[in-house]
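# Structural overview for review
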Amino acid sequence: MELIILIIVLIVCLPFAFMGGVVYRKNKSEKIILSAEHESERIINNSKELAETRKKEIIVEGKEEVHKFRIETEKELYERRKDLQRQEKHIQQKEETLDKKSLHLEKKEQQIQSKLKNVEEKELEIDNLKKTQFDILEKISGFSTKQAKDYIIESLQDELVHEKAMKVLQYEQELKENCEKKAKEILSTAIQRCASDHSSEIMISVVPLPSDDMKGRIIGREGRNIRSIENLTGVDLIIDDTPEAITLSSFDPVRREIARLSLERLISDGRIHPAKIEETVEKVKIDINREIKEEGEKAVLETRINHIHPELVKLIGRLKYRTSYGQNILKHSLEVAHLCGIMASELGLDATLARRCGLLHDIGKALDHEIEGSHVDIGVDVAKKYKENNSVIHAIHAHHGDIEPQTEIALILQAADAVSAARPGARRENLETYIKRLEKLETLVSSFTGVEKCFAIQAGREIRVMIKPDIVNDEKMIFLARNICKKIEADLDYPGQVKVNIIRETRIVEYAK
């Protein structure tokens, strides 16, 4: 029963409680809203105050910027006005100066016009005077102007012819002297710029042997080995009492080289019989032919020549095994090619064509052991066979004077060939004479008082003399040089001229302690 009463009470009180809660929440919400409205009004008021304050600050700053900009603008305008005033003043001064110059020029022009008028009047007077004088001269001489000119020319004709002849003779003499001097300079320059190795080869080759017993093995039973070698190579083997050596003799250097290399390989191998000899000789021939081709290609590359026939390249390589008076022909040809190129360049000619002529000028010597005739004729035939340039063929034909040279290149080739063959040490018979001449030159100069030491340089074309500074002073150097030149001229025979270069050096040495 009490439970029911409690439930009823709760049911009755529940609406009132609900209504009380709603009223409480409403009052609370209204208070919160009212508080929020007050807070928002406060924030808005503060914002307005801050905005007004910031507005006033911005206005003040703007006014300050405007004031500052106005001051700067006024200052700039002031400077510009001053600059314009200066420029106006300068322009005004220039205008005044120009006005003065214009007035001065006008005065000058008036003066010039007046002078020109006077000159014209004077010229007119002079013309009248000339005419009067000519009239008087014609009356006195009885000749007209044309007749007088003809008479003077006739009277001077013989004298003018003589003067012209003398001038022509003088020019010819000067031209000869200058040409000779220029030719000497070009030759000396070419010789100095071309440096070549000295070589000396002979007509026999010597093959060293490990022992004298090897001679019997090379001869073979009943001489079959030596006969086989001689038949295959075309070289004579001379086996005599020379210890541990065999001599090979042949006029053909290529055959001699093949025989030498074959013998060396056979001796190194130790097996010497006809079959091995034939095999070795064939291999050596192949190697020699390859080497000949390589040497020819190397020479062509060194002289910078293009479009040369392959057979000519091989013939150039064969010149490596050909000598003349102890001078290797391939090295001689290369030297002549370089000399020709240098001289042609100095004279403004085709240097490549000149080098080609120099390299091929002795090409006939590669075949003169196989073909009858001089090496010049053989070289001409070979050059024609392989379609060489007509200038090259002519230069080859003329380089020993067989025909008269018709081109500058042919003359250059003659000079280069003579220089290469005649230079000291190029050929065996000249080397000893050359050395003796240099030694004699140094000995002669050393005999003078005051000479400390001397050196013959430039192939004997210059003697460099070091003198003792305490004995020979600067004034005595001149007389010493003259005396040395006179002594050389009197006692020595030499080509060209010898430059005497005297050097006097004084050295003072002190030591700081």
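Here the structure is a predicted model, which means the values were calculated and not measured.

## Let's talk about the packing of helix α6 (residues 274–302) against helix α7 (residues 310–318)
Helix-helix packing is described using two parameters, namely the angle between the two axes and the distance between the axes. Put simply, α6 and α7 touch, their axes get as near as 7 Å, and they point 100° apart. Here α6 is positioned roughly perpendicular relative to α7, judged by the angle of their axes. Of the residues in α7, those in contact with I292, K293, E295, G296, E297, A299 and V300 of α6 are V313, K314, I316, G317 and R318.

## Quick notes on the pattern of salt bridges
Per the counting criterion, the structure on display carries 17 salt bridges. With a shortest N-O distance of 2.8 Å, R260 and E264 are connected by a salt bridge. Linking R260 with E264, this pair stays in helix α5 (residues 253–269), spanning 4 residues, or about one helical turn. You can call E264 partly exposed: its relative accessible area is 33%.

## Topic: the confidence of the model for the protein chain
Per-residue confidence for the protein chain averages 79 on the pLDDT scale, and 85% of its residues sit at or above 70. Ignoring residues within four places in sequence, the model shows residues 195–202, a span with pLDDT below 50, making 20 contacts including any to other chains.

## With respect to helix α8 (residues 329–346)
Counted at 1.5 Å a residue, the expected span for α8 with its 18 residues is 26 Å, and the 25 Å between its end C-alpha atoms agrees. Taken across its 18 residues, α8 has 14 buried, putting it largely inside the fold. Backbone geometry just after α8 places G348 at a positive phi near 75°.

Conventions used here
- Residues numbered from 1 in each chain as written.
- Predicted model: local features only at pLDDT ≥ 70, side-chain atom pairs only at ≥ 80, totals over all residues.
- Heavy atoms only, no water.
- Axes fitted to C-alpha atoms, helices over the stretch in contact; angles between N-to-C directions.
- Helix = DSSP H or I, 4+ residues; strand = E, 2+ residues; numbered from the N terminus.
- Parallel < 35°, antiparallel > 145°, perpendicular 65-115°, else oblique.
- Contact = heavy atoms within 4.5 Å.
- Salt bridge = Lys/Arg side-chain N within 4 Å of Asp/Glu carboxyl O.
- Buried < 20%, exposed > 50% of the residue type's maximum accessible area, 1.4 Å probe, protein only.
- pLDDT = per-residue confidence, 0-100.
- Expected span 1.5 Å × (residues − 1).

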